[in-house]
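Structure assessment
Each chain, written out:
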Amino acid sequence: MKTVGPLICPILVGRDDFLELGERRMAEARAGSGRFLLLVGEAGIGKSRLLASIARRARSDGFNYVHGAVAPRDVEVPGALVLDLARSMVRGPGPMQEPGRVLGDLLQVGGTPDDDPRRRRRVMVLDAVDALAAAAPVPAMIALEDLQWADDLSLEILAALARRLPEIPALVVATYRSDDFYPRIPMREWRNRLVGQRLVEEVRLGRLSVEDTATMTSLLLDSVRPAMPVVERVHERTNGIPLHVEELLGALRGAPLTAEADVDSAAAPDTIEGAVLERLAQRSPAAQELARAGSVVGRCFVVHVAAGILETDPGRLSAPLEELIDHYFLMPTSVPGLYDFRHNLIRDAIYGRIGDPDRRRMHARVAELGEGLEGAAEAFASAHFELAGRREEAFENALTGARAAVASSSHREAVELYRRALRNVPAGIAPTEHARILVEFAAEAAATDDNTAAAEALATAEGLYRASGRIVDAVSTLPAQVAAQHLLGAPLDQRAAILRRGLDDVGGRKGAKVARGRLLAALAAAYMLDRRLDESIEHGEAAREVAAAEGDEATELDATITLGADYVFAGRMDEGWRALETGTERARAAHREAEAARGYRMLGSCASVLVEYERGERWLRDGIAYAERTELWNHRHYMAAHLAHVLWATGRWVDAVRVAEHALADGRGGITTRITALHVLGYVALGRGELRMARGALDEALGLGRDMHELQRLSPALWGLAELELQEGSPARALELCEEGRAASAGVDDAAYLFPFLVTGTRAHLAAADVAGAERWVAAVGGAVRRRSIPGSMPSIDHATGLVLLANGATGRARTALEAATEGWSARRRAWEGTAALVDLAACYLRANRLADSVRVADQALSAATALPAPALAGRAEELLRSGRARHPADEPWAPLTAREFAVARLVAEGRTNTEIAAELGIAPKTASAHIEHILAKLGASRRAEIGAWASSILAHSR
């Protein structure tokens, strides 16, 4: 019978470059400038082996060393990874022990019900980093394994530590599995943010080459190098994954390995699971039982817990433990009595083959022995009780763990624990208690952007409350229900009907006033989001009055902020900005972080839309910083998307793309962040002439916007696509999109989202040779824009009017309108329309034969378009520049006038009367008058003063 045993490669193959990098980072840490390395790769690729090699070198170089690791279920426990690290510090070198105790205490002490969980969490994070920094008075290495299973609180502490590392003599080296990493959004966001900010350095371990596999095979077999076809077959069967090479060759031990057929031997399993199980089958029955018991506990286990599962004395496990260690299934840790599986794949393979009855029995024993588990908590116990089928205990432990997670703002961990509690709700639970748990779960689900789960839980809770006769409690769930349904795309009428039903139901019941104020505030917010301003103002003012009377400060602040947004979109600018700013500042002063972040969000986004870019950028940047400090990531990412919009609008396109892409990648802002970021990316691509890319972004945004049934999500994509159709020469399709945008705005008497369509629709009519249609468009759409008279929208009226006048040949009036438009757009820093207006003005000057002015303005337009860069606008400007220069030679500065007309114009500039001009030039006064009429017509001027100004500029230019 063939002997199946472990094979462990004596050296690390193919990783020399990574070891050298580790040594360089150690030297920098020793000099006082800490570093953070991430070792990334798929399961079995050798991350832990590389980490261990770097750790050995660090310890031999005098570094204090501590280690932390997590397993899959640890993701439900706030701070699990850092708690494990704290325990390692307590057991580690002397300077680390007291900071380790402090760190452990920090993460296990809860707050009082009156504490603000977000503020408590921030303080905890800062204190935790202080404790870690205090543990490194001399160079230290912190090793962390399996970050893909780290909880949000641990990741947050590590991010804060990364920012402090440059002033700490510490090297942090962490591993994570790339195959478990990508589906987990928090880890992806954490990694993107830290790598993007250059706070961590990522090292990706690739699979071994055929040459490296050959080296490893020779070392494992302690023999001459096998023939290349044999090596190639080993490489093919193991995919170049080091652990698989070891397990495969271990399974083949004792068999010949001289031909490819030997590698294909039926006795050698194809999978890592098969290899592990075949090796385990060769061990003693006691060792096999211990391996199975340990795998039920998790990644690591304490001896006396395994003994409890097996119902035996811990002393009787010494021999089986030694056997499993000797054959590389287990490895001892730095903690006496604590053992770790050499690789999670080994643990998973063993666990997967335990029968259901035995598995349930062992999970029950693990839960019962919970106080002896390393890092035990309600979360662990609840998981084991559920797997054991003991529902009531699973429910109780999961609920306790979930509420502890809420207390530290660990939303994702709380969601998973609430889900477990709800899966195991006891049959006899009171309906109102069940409803309360559903409401708690919904709040956490909404905090993690799982709006579907939040809406379903709240609807169920409402039903339970109603069935129990608790009507006020039932209707109190409605504002949160409506907020979730809004993000899922429910139309306004549906959401408003839900809230109105709540108002009818609550009536004059006891305790109804606070609920009534919140329902009114929710109605105001719902109408505001759809720009139904009159209804929103009516409900917002009523909500503010009720909330103020009841002392409900949070609702009163929300209503004030909603009203501020209403007022600015209604054109009541001073009143609106004042309400938004004072509401936000009051919320900050009162430490109401959610309301303050919403205030920043509304202020910045309103200013972004209403062409108040200086105001918008200031409040958005302040708001982003505030949301980051308070860990309100949904608000942070949404504000970042609007900051990208401001950057696009003001011509900083490179920065706009960078900020929008980060907002998309981070993603916690949900669908509204995605839509706004897609608008920005589409606009930039459109301006740059990357039309295929622009269409992709704007089509996606349009689809999402249609599903949400909201003007602010729909209209910006429609406008961008209309501009794109114009560039592609499809004015009819552009007009269809403009008409859709106009209809959407008309439904709520909007001007803020309508004004861009005014110019684009005018261009589309003119491109279709429909001047009369353009006139009607300007009259109708311009009238709607003028009714609101939002300052940032007003240049669009001059711009569209100038285009129509130019098409009709009224160059003088067109010039006046287009000059006003260029000045208006410039004052508002609106780069796209401002550059286009310069091009239009240059064309007007050219048509009026004011060639010097045309050349001058076309040159300005070319410079502006090139700086963006906007190739289509630059091309039009270059064409106008060539035409103007061709028709305006240097020796004829008076063009478009004749030489005699220019002489008359010079005298007009000197202030001469017609009689004086006639006497000076020896012509009749009537002839002088006729010359002046011709000059006015050619220059598109209406007054003598304009002739004088033009002639003076020509004379000055020619000197």
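As shown above, the structure is provided for reference.
I will try to describe carefully the structure that is included in this document. (Residues numbered from 1 in each chain as written. Predicted model: local features only at pLDDT ≥ 70, side-chain atom pairs only at ≥ 80, totals over all residues. Heavy atoms only, no water.)

**So, the packing of aromatic side chains**
The final tally for this structure, using the stated rule, is 12 aromatic pairs. Each ring, one from F569 and one from Y753, has its centre 6.0 Å from the other, and the planes form 5 degrees; the classification is stacked. Taken as a pair, F569 in helix α29 (residues 553-569) and Y753 in the loop between α38 (731-746) and α39 (755-767) lie far apart in primary sequence, 184 residues in all. Centroid distance Y600 to Y626: 5.4 Å. Interplanar angle 40 degrees. Geometry classified as tilted. Of this pair, Y600 sits in helix α31 (residues 593-609) while Y626 sits in helix α32 (residues 613-629), and the two are 26 residues apart along the sequence. One aromatic cluster is present, built from ring pairs that chain together F301, Y339 and F341. The ring of F329 is capped by R279, whose NZ or CZ atom sits 4.2 Å from the centre of that ring. (Phe/Tyr/Trp six-rings, centres within 6.5 Å; stacked < 30°, edge-to-face > 60°. Helix = DSSP H or I, 4+ residues; strand = E, 2+ residues; numbered from the N terminus. Lys NZ or Arg CZ within 6 Å of the ring centre and 35° of its normal.)

**Thoughts on the side chain of S605**
With respect to the secondary-structure elements, S605 resides in helix α31. Residue S605 is classed as buried on the basis of its relative accessible area, which comes to 8%. In contact with S605, not counting residues within four places along its chain, are L620, Y638 and H642. (Buried < 20%, exposed > 50% of the residue type's maximum accessible area, 1.4 Å probe, protein only. Contact = heavy atoms within 4.5 Å.)

**Details of the sheet that holds strand β5 (residues 201-204)**
In space, the 5 strands of this open sheet follow the order β2-β3-β4-β1-β5, with parallel pairing throughout. A single partner strand is all that each edge strand has here, and the edge strands are β2 (64-69) and β5. Within the sheet, the average angular offset between the axes of one strand and its neighbour, ignoring direction, is 20 degrees. In the sheet, strand β1 (residues 35-41) pairs with strand β4 (residues 170-177) via 7 bridges, with the strands oriented parallel. For G41, the partnering residue across the bridge sits in β4 and is R177. (Pairing = 2+ DSSP bridges. Axes fitted to C-alpha atoms, helices over the stretch in contact; angles between N-to-C directions.)

**Regarding the sheet that holds strand β7 (residues 330-332)**
With antiparallel pairing, 3 strands are arranged side by side in an open sheet as β6-β8-β7. Two strands lie at the open edges of the sheet, namely β6 (300-302) and β7, each paired on one side alone. Shown here is a sheet whose adjacent strand axes are inclined to one another by a mean of 30 degrees, direction ignored. Note that β6 and strand β8 (residues 338-341) share 3 bridges and pair antiparallel. Its bridge partner being in β8, F301 is matched across the sheet by Y339. Contacting β6 and β8, helix α14 (residues 285-297) runs over the sheet at an angle of about 110 degrees to β6. Against the sheet, helix α16 (residues 318-326) engages β6, β7 and β8, with an angle of about 105 degrees to β7.

**Quick look at unusual backbone geometry**
Glycine aside, the phi torsion of most residues is negative, and most peptide linkages are trans. In this structure, the amide linkage connecting L868 to the following residue, P869, adopts the cis form with an omega of -10 degrees. Inspection of the secondary structure puts P869 in the loop between α44 (851-867) and α45 (871-887). Here D749, not a glycine, exhibits a phi torsion of approximately 55 degrees, which is positive. Its location among the elements puts D749 in the loop between α38 and α39.

**Examining empty space enclosed by the protein**
On inspection of all chains with the given rule, the structure shows 1 cavity of 30 Å³ or more. Taken as a whole, the largest cavity holds about 60 Å³ of empty space. Contributing to the lining of the largest cavity are V66, M89, M96, L132, A135, A136, A140, I142, L161, L165, I168 and A170. Here the residues of the lining of the largest cavity sort into 12 nonpolar, no polar and no charged. (1 Å grid on protein atoms, 1.4 Å probe; cavity = no way out; pocket = protein on both sides within 12 Å on 5 of 7 lines; lining within 4 Å. Points joined across faces, edges and corners; volume = space filled by probe spheres on them. Nonpolar A, V, L, I, M, F, W, Y, C, P; charged D, E, K, R; others polar.)

Scope: geometric values only; no functional claims are made or implied.
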